[in-house]
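# Survey of secondary and tertiary structure
The lines below spell out each chain.
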Amino acid sequence: MDDRCSLDKPELVWRGREPVASSRSVAEERPVALTFNGSTYAVMMASPADLLDFGIGFCLNEGLVETARDILSIETVDLALGCEVRIWLAEAHAERLAKRRRAMAGPVGCGLCGIESLEQACPPPARVAAPAKFRPGDILRAMGALRPLQRHHQATGAMHAAAFWDGNAIRMVREDVGRHNALDKLAGAIARAGLTTSRGAVLMTSRVSVELVQKAARIGVPLLVAVSAPTSLAIETAERAGLTLIGIARDDGYEIFSHAGRLKFETTEPKAELERLAR
């Protein structure tokens, strides 16, 4: 995991008494350009760390490629104004991307780049059919285990984290100033490591929008857990994807918004307990 996420920038802290020097680091944010076959496709504001993971995960989560093997080469370049992730795709995928770029060049009625209809804005999500089951307490312990692994957030207070939990332990964590970027980095890291995702979960330290659900479904996890709440469209999309969506995860429990049947409640009144946690 790359360490270029924070910078030391001593400032003063005032808490009602004499100001003192601060020990806080500041989250680093830079423009990161994603170029494909020599042409710039998008510029994201992101933390300049784990950019190979970011590029691969972006390709996978945006549906630009089916597998990481479709990426012929990838490299990162530091520039004066930011960073470039230079990606070369196989010819068929490059042509698909060129058509999408041509759509982005014209006027767009709905306000989303390269999107020309409501159907394109809300495409059918990838289906998750994994029959995995999870114990409620294990999910709580996983979320608790994530906190000390957020090194850059602890230093800056300004970073989102996305983690992969394989059902027993957290295998990897990626952080970024943007929650979508963090999940793209995680997707790339999972692909590079060749991890099996069908019995694990993505853990997020943010609210859940529809894009995060779509990305989690593409990664292939049956469970997405977040510390904050989901949006209505995120819940609808999770239902369609077959993804179990848990939000508002706190030390004493959480709320289950879709496909609660994947949780194994070991209680004398499982139905009542399920309804209590799902409210």
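Use the structure listed above.
Presented here is an overview of the structure given in this document.

Parameters and conventions
Residues numbered from 1 in each chain as written. Predicted model: local features only at pLDDT ≥ 70, side-chain atom pairs only at ≥ 80, totals over all residues. Heavy atoms only, no water. Helix = DSSP H or I, 4+ residues; strand = E, 2+ residues; numbered from the N terminus. Contact = heavy atoms within 4.5 Å. Phe/Tyr/Trp six-rings, centres within 6.5 Å; stacked < 30°, edge-to-face > 60°. Buried < 20%, exposed > 50% of the residue type's maximum accessible area, 1.4 Å probe, protein only.

Let us now look at the side chain of K185. Mapped onto the elements, K185 comes out in helix α6 (residues 179-193). For K185, the contacting residues outside a window of four places in its chain are S47, A49, D50, D53, F54, R174, E175 and D176.

Time to look at the packing of aromatic side chains. Scanning the model with the defined rule gives 4 aromatic pairs in all. A centroid spacing of 6.4 Å and a plane angle of 70° characterise the contact between F54 and F58, whose relative ring orientation is edge-to-face. Here F58 and F54 lie together in helix α1 (residues 51-61), a separation of 4 residues that amounts to about one turn. Side by side, F54 and F58 carry an identical accessibility label, which is buried. Their ring planes at 35° and their centres at 5.9 Å tell us that F134 and W165 sit as a pair that is tilted.

Now for helix α7 (residues 210-219). Counting along an α-helix, one turn takes 3.6 residues, and residues three or four places apart therefore face a common direction. Within α7, 8 of the 10 residues are buried, which leaves it mostly tucked inside the rest of the structure. Of the residues making up α7, those classed as buried are V210, L212, V213, Q214, K215, A216, A217 and I219. Buried residues belonging to α7 abut α1, α6, β11 (201-204), β12 (223-226), α8 (232-241) and β13 (244-250). Of the residues one or two after α7, G220 is the one with positive phi, at around 100°.

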